[in-house]
Amino acid sequence: MSRAASPSSSPVVIATRESRLALWQAEHVRDRLGAELGLPADLLGMTTRGDQILDRSLSKVGGKGLFVKELETALESGQARLAVHSLKDVPMDLPPGFVLAAILEREDPRDAFVSNQYADLAALPQGACVGTSSLRRVVQIKALRPDLRIEPLRGNLDTRLRKLDEGQYDAIVLAAAGLKRLGLAARIRSVFSESQMIPAAGQGALGLEIRADDAELAAALARLNHEPTWLATHAERAVSRALGGSCSVPLAAHATVAPDGTLHLAVALGHGQDPLQPMLRAELTGPVPDTAAAEALGRDAAERLRAAGADAYLAAPAP
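As the structure is a computational prediction, the values presented were derived from the model and not from experiment. (Residues numbered from 1 in each chain as written. Predicted model: local features only at pLDDT ≥ 70, side-chain atom pairs only at ≥ 80, totals over all residues. Heavy atoms only, no water.)

Below, the discussion takes up the sheet that holds strand 12 (residues 262-269). Taken in spatial order, the 3 strands make up an open sheet running 11-12-13, and their pairing is antiparallel. Strand pairing shows two members of the sheet lacking a second neighbour, strand 11 (251-257) and strand 13 (280-287), which therefore form its edges. Along the sheet, successive strands turn relative to each other by an average axial angle of 10°, direction set aside. Pairing geometry for strand 12 and strand 13, over 8 bridges, is antiparallel. If you follow A266 over to strand 13, its bridge partner there is E283. The sheet contacts of helix 9 (residues 227-242) involve strand 11 and strand 12, and relative to strand 11 the element is tilted by about 155°. (Pairing = 2+ DSSP bridges. Helix = DSSP H or I, 4+ residues; strand = E, 2+ residues; numbered from the N terminus. Axes fitted to C-alpha atoms, helices over the stretch in contact; angles between N-to-C directions. Contact = heavy atoms within 4.5 Å.)

Given below as structure tokens:
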């Protein structure tokens, strides 16, 4: 990789997917670069394979990394210096030469119940159709309502809402953060508490990825980092990393950091082949003075899941 230019010498080019939500996220980062760091920035819109393949589940075509590879290629070639990601889409292990320079303060991490007819999951009639392509959501919905019919739902946020409005589903489940960021909070009929449906690792947070050799930009972006979100999401991602987590594994992990620096981590693992199998769960609490401590707590949570039988669940192929 070539030596990076000084961040102040020219606008910072931000690589982003071209969905409305991804563009909102990139514009938000661009505006913060200017307002808080005095760095001008431009956007480079890109279409990823994850955006192009809509007829198959991500677990069958390469996983969530399909949403970031093209952006990383732009970083490596020098077309861009910064990529903005929904952190839940970022693989647990970045390719050599790339780092997460900052994680912004998390928006609402919960899952949202969206329906034009029903107030919440409990109000759905027997056998109603719910749309989601997230295995994590499937197993947790089935744990709450085993009678419901779960059908795949792909596409960007606007596409998913359109499919609901066309009557293809009785309800759909989406990340509350995306709806709120796009001014669509009114579409949310109810939100699932973290105890009802544990979010995905990193859900609601934005990750800023750069080349590992871009030390000057890394130093600048560190000023945007939100330490409690950084520690919480590193604990969550450590659980997934320890269990080989991907979108083909129905794993949930959500952490919060209290003002005194104590982190609480809740995790759950479903069966990839049989969503009606009982979910394996664990909760841990401990002090996290730094990233290493947060990741260690995440690894401890993964070991508790293994002790509860996670290996057998992980060995089951995704449907």
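Right, let's get into helix 1 (residues 20-37). Its 18 residues give helix 1 an end-to-end C-alpha distance of 25 Å, which sits within 8% of 26 Å, the value for a rise of 1.5 Å per residue. Turning to helix 1, its buried residues are L21, A22, Q25, A26, V29, R32, L33 and L37. The arc that holds the buried residues of helix 1, viewed along the axis, is 140°, so those residues lie on one side. In this fold, the buried residues of helix 1 make contact with strand 1 (12-17), strand 2 (41-46), strand 3 (82-86), helix 7 (176-181), strand 10 (206-211) and helix 8 (215-221). Positive backbone phi, at 70°, marks G38, one or two positions downstream of helix 1. (Expected span 1.5 Å × (residues − 1). Buried < 20%, exposed > 50% of the residue type's maximum accessible area, 1.4 Å probe, protein only. Arc of directions from axis to C-beta.)

In short, shape yes, function no, at least from these values alone.
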